[in-house]
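Here's the letter readout for the chains.
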Amino acid sequence: MTGFFGLLFDGFAYGMLLFLLSVGLSVTLRMMNFINLAHCSFGMLGGYVTVTLLDRLGWPFFATLPVAFLAGAAASFVLEGLLFRRFYRASELDQCLATIGVVFMSVAAAAYIYGTVQQPVELPSYLHGSVVYLGINFAVYRLFLVAVAVLIALVLVATLEWTRFGAQVRAAVDNQRMARGLGINVDRAFAVTFALGSGLAGLGGALAIAMVGLDPNFAFTYLIWVLIVVSVGGLASIGGSFAAAMLLGISDMAGKYYVPALGSFLIYLLMVGLLMWRPAGLFGKR
Amino acid sequence: MTAATTGAPFEPHQYLHAQTRWRRSEYAFWVATLLPFVLFPSYLQLASQIAITALFALSLDLILGYAGIVSLGHAAFFGLGAYAAGIISVYGWGEPLSGLVFAAAVAGLAGYAMSFIIARFRHLALIMITLGLGLLLHEAANSASWLTGGADGLQGIRIGTLLGFRFDLYGRTAYAYSLIVLFLAFLVARRIIHSPFGLSLRGIRENPVRMPAVGAASAAHIRKIYTIAAVMAGIAGAVLAQSTSTVSLEVLSFQRSADVLVILILGGAGRLYGGIIGAIIYMVARDQFSGINPQYWYFWIGLLLVAVVVLLPNGILGGLARLKSAWGGRWR
């Protein structure tokens, strides 16, 4: 029984990682109807920034995390202004193609600079080991990951609910034209949201290394997971993303533990089934 | 050009008829496809790969370019066809033509079953479902290693002679085979898109809400074209499996779905020759740059993709057409 709860916790921690990687995309996708397949490239960027600062420059782990966030945010801000902005009114296909082109470039650039091997990461000693509570083994790093993700979810919900910026974002999500009509600068609100979401992906990428590793294919591998979270959770719903990420993390861990022969088959089946049942996602508003 | 473009009064059947007429450049193109036999006899394997890829891109063009169904999982049918042709030969049926028919039937059945799902969804949900089904099949093939050989690839493929011709090392038979199959499939596709059915597909692409409103059986049309495209993709996969005697998990991968999308967009979606031109350029470029690490090769593909979407919204053929009309307009 304790093994089961241990598994539940590991799945939950994995789900929290997926939540960090995907929550930004969920909001921006609904806001501008812009399908950004390059979202995980910003996550990968955050990961490589952390690796570089930690391993080559000897920064402490905690100092690298804000930099990973800023790197993701800054890169997405630039790309949004230069490239993505042209595609808000384009067809879904064009959006997919342009952003997947960015993914290809980011994967190749990462392979060129860092090689195709997994990047090692040396965690500080206080994040090593595990604590045992009620007979269940909690890895310290995973506890830390869960704490960060829950904290960020709370901050996000609070920001959206109680700040002026949050109200603008909600208005733009609900009805972009009306929001424009009321004098809200939707483009600016979107650019900021986009940068914030990509920054969170960067942070997620930095935190992911110690748990799932980091190689140039990160942008592709986790893109699929992030898309699953977003489409299952429903767009622009932080609670939905949280629940979907949790559900996915736990069912993936459980599936791989109890029926390893099926691999990721169960997850894809779950995703296709859920999408057919509710195309707008479990918590979607559409 | 004909009545259709100069604005003179015309009847629908005249328009269709004008569209179906073969142009001189088309004859020239298909005669040119025979040149590799004479000019590049050592590159026939590559030429055969190009023909197979072109066929695969043509099948995607039917659903994406004409009916507007965005699919990120089209490799599912390519892989099904490849595995069907490979597996039947492992079990002792190595005759290629009947193997091709079998593979086409398997892919077609799967496509027909999937088309019921496809016809119900649009937008992001559709993209995600095609992606999910593609991944699902990839995982299934990976797990069912007793049938597919899993990650090691299918072992023990034995392809017999094609009407007495062996699949030789130089790829002479392979290229002739894939070229003939491509040409026949092209004729079918050409006939389809210039038929009234093809016109209603374009209607669905342009306005999916209005087509049912004017009484077109949109869902049925989508099911039909999706099944046809699945058969064609399956045939492409089967030809690959038979001409190279290898099938690996790569035939079902997301990478392959993405590649064929890139090829089609590069050449020009919604144009009959788009996939073929795209395949020629893409495969020749990849062959020329094969010295560099494939990881780096994708950087240029990515850049090209962004450039094509930003600068040439209708691909290379669309750009050429625009150039031609601008040039023609100046001199007329």
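**Comments concerning the overall build of chain B**
Now for step 1: Assigned secondary structure in chain B consists of 17 helices and zero strands.
Now for step 2: Relative to its length of 332 residues, chain B is compact, with a C-alpha radius of gyration of 20 Å against a globular reference of 20 Å.
Now for step 3: Dimensions of chain B along its principal axes, counting C-alpha atoms only, are 60 × 45 × 40 Å.
Now for step 4: In chain B, once contacts between residues fewer than 6 apart in sequence are set aside, the share between residues at least 24 apart is 78%.

**Section: the overall build of chain A**
Now for step 1: Scanning chain A from N- to C-terminus turns up eleven helices and two strands.
Now for step 2: Listing each helix as α and each strand as β along chain A from the N terminus yields α-α-α-α-β-β-α-α-α-α-α-α-α.
Now for step 3: Against the globule reference of 19 Å for 286 residues, chain A gives a C-alpha radius of gyration of 19 Å, in line with a compact fold.
Now for step 4: Looking at chain A residue by residue over its 286 residues, the buried ones come to 49%.

**Here we look at the interface of chain A and chain B**
Now for step 1: The interface is formed by 37 residues belonging to chain A together with 30 residues belonging to chain B.
Now for step 2: Broken down by secondary-structure element, the contributors of at least two residues to the side of chain A that touches chain B are helix 4 (92-114), helix 9 (218-233) and helix 11 (265-277) of chain A.
Now for step 3: Each residue belonging to the side of chain A that touches chain B can be placed in one class, and the counts come to 29 nonpolar, five polar and three charged.

**What to know about the pairing of strand 2 (residues 136-139) of chain A**
Residues and elements named next belong to chain A.
Now for step 1: The pairing of strand 1 (residues 130-133) with strand 2 spans four bridges and is antiparallel. Bridged to Tyr133 within strand 2 is Ile136.
Now for step 2: In textbook terms, the turn of a hairpin is the stretch between consecutive antiparallel strands, and for strand 1 and strand 2 this stretch comprises two residues, one of which, Leu134, has a positive phi near 55 degrees.

**Some words on the packing of helix 9 of chain A against helix 8 (residues 123-143) of chain B**
Now for step 1: At their nearest, the axes of helix 9 of chain A and helix 8 of chain B sit 11 Å apart, and the two run at 130 degrees to each other. In terms of orientation, helix 9 of chain A lies oblique with respect to helix 8 of chain B. Relative to helix 8 of chain B, helix 9 of chain A is oriented so that their crossing is left-handed. Of the residues in helix 8 of chain B, those touching helix 9 of chain A at Ile224, Leu227 and Ser231 of chain A are Leu124, Ala125, Met128 and Leu135 of chain B.

**Quick word on unusual backbone geometry**
Residues and elements named next belong to chain B.
Now for step 1: Positive phi, close to 55 degrees, is recorded for Ser245, a residue that is not glycine.
Now for step 2: Residue position: Ser245 is located in the loop between helix 13 (218-244) and helix 14 (254-267).
Now for step 3: With 15 C-beta atoms packed within 10 Å, Ser245 lands in the partly exposed category.

**Here's the deal with helix 15 (residues 274-288) of chain B**
Working note: α-helix, 3.6 residues per turn, so residues spaced by three or four point in the same direction.
Now for step 1: Helix length check: helix 15 of chain B (15 residues) gives 21 Å between terminal C-alpha atoms against 21 Å at 1.5 Å per residue, within 8%.
Now for step 2: Within helix 15 of chain B, burial applies to Gly274, Gly275, Ile276, Ile277, Gly278, Ala279, Tyr282 and Met283 of chain B.

**Brief notes about the nonpolar core**
Now for step 1: Of all hydrophobic cores here, the largest spans 200 residues; its most connected members are Val226 of chain A together with Leu55, Ala84, Ala107 and Ile235 of chain B.
Now for step 2: Those residues within four positions of Leu55 of chain B in sequence are excluded, and the remaining contacts are Val181, Leu182, Ala185, Met232, Ile235 and Ala236 of chain B.

**A few points about the packing of helix 6 (residues 75-90) of chain B against helix 7 (residues 96-118) of chain B**
The angle between the axes and the distance between the axes are what describe a pair of packed helices.
Residues and elements named next belong to chain B.
Now for step 1: Between helix 6 and helix 7, the shortest axis-to-axis distance is 8 Å and the interhelical angle comes to 140 degrees. On the basis of their axis angle, the class for helix 6 and helix 7 is oblique. Crossing hand, helix 6 versus helix 7: right-handed. Taken together, the residues of helix 7 that come into contact with helix 6 (itself represented by Phe77, Leu80, Gly81, Ala84, Ala85, Ile88 and Ser89) are Gly99, Leu100, Phe102, Ala103, Ala104, Val106, Ala107, Ala110 and Gly111.
Now for step 2: Of the residues contributing to the contact of helix 6 with helix 7, the split by class is twelve nonpolar, four polar and no charged.

**Brief notes about the environment of Ala185 of chain B**
Residue and element names in this part refer to chain B.
Now for step 1: Position of Ala185 relative to the elements: it lies in helix 10 (residues 172-193).
Now for step 2: Taking C-alpha positions, Ala185 is 20 Å from Ile69, a pair spaced 116 residues apart along the chain.
Now for step 3: Not counting residues up to four positions away in its chain, the partners in contact with Ala185 are Leu55, Leu58, Met232 and Ile235.

**Looking at helix 14 of chain B**
Residues and elements named next belong to chain B.
Now for step 1: Between its first and last C-alpha atoms helix 14 spans 20 Å; for 14 residues at 1.5 Å apiece the expected length is 20 Å, and the two agree.
Now for step 2: Burial of helix 14 is extensive: twelve of the 14 residues sit out of reach of the surface.
Now for step 3: For helix 14, the full list of buried residues reads Arg256, Ser257, Ala258, Asp259, Val260, Leu261, Val262, Ile263, Leu264, Ile265, Leu266 and Gly267.

The rules behind each value
Residues numbered from 1 in each chain as written. Chains lettered and ligands numbered in written order. Predicted model: local features only at pLDDT ≥ 70, side-chain atom pairs only at ≥ 80, totals over all residues. Helix = DSSP H or I, 4+ residues; strand = E, 2+ residues; numbered from the N terminus. Rg over C-alpha atoms; globule rule 2.2 N^0.38 Å. Contact = placed C-beta atoms within 7 Å. Buried ≥ 20, exposed ≤ 12 C-beta atoms within 10 Å, placed from the backbone. Nonpolar A, V, L, I, M, F, W, Y, C, P; charged D, E, K, R; others polar. Pairing = 2+ DSSP bridges. Axes fitted to C-alpha atoms, helices over the stretch in contact; angles between N-to-C directions. Parallel < 35°, antiparallel > 145°, perpendicular 65-115°, else oblique. Left-handed = near helix turned anticlockwise from the far one by under 90°. Expected span 1.5 Å × (residues − 1). Core = buried A, V, L, I, M, F, W, Y, C linked by C-beta atoms within 7 Å.

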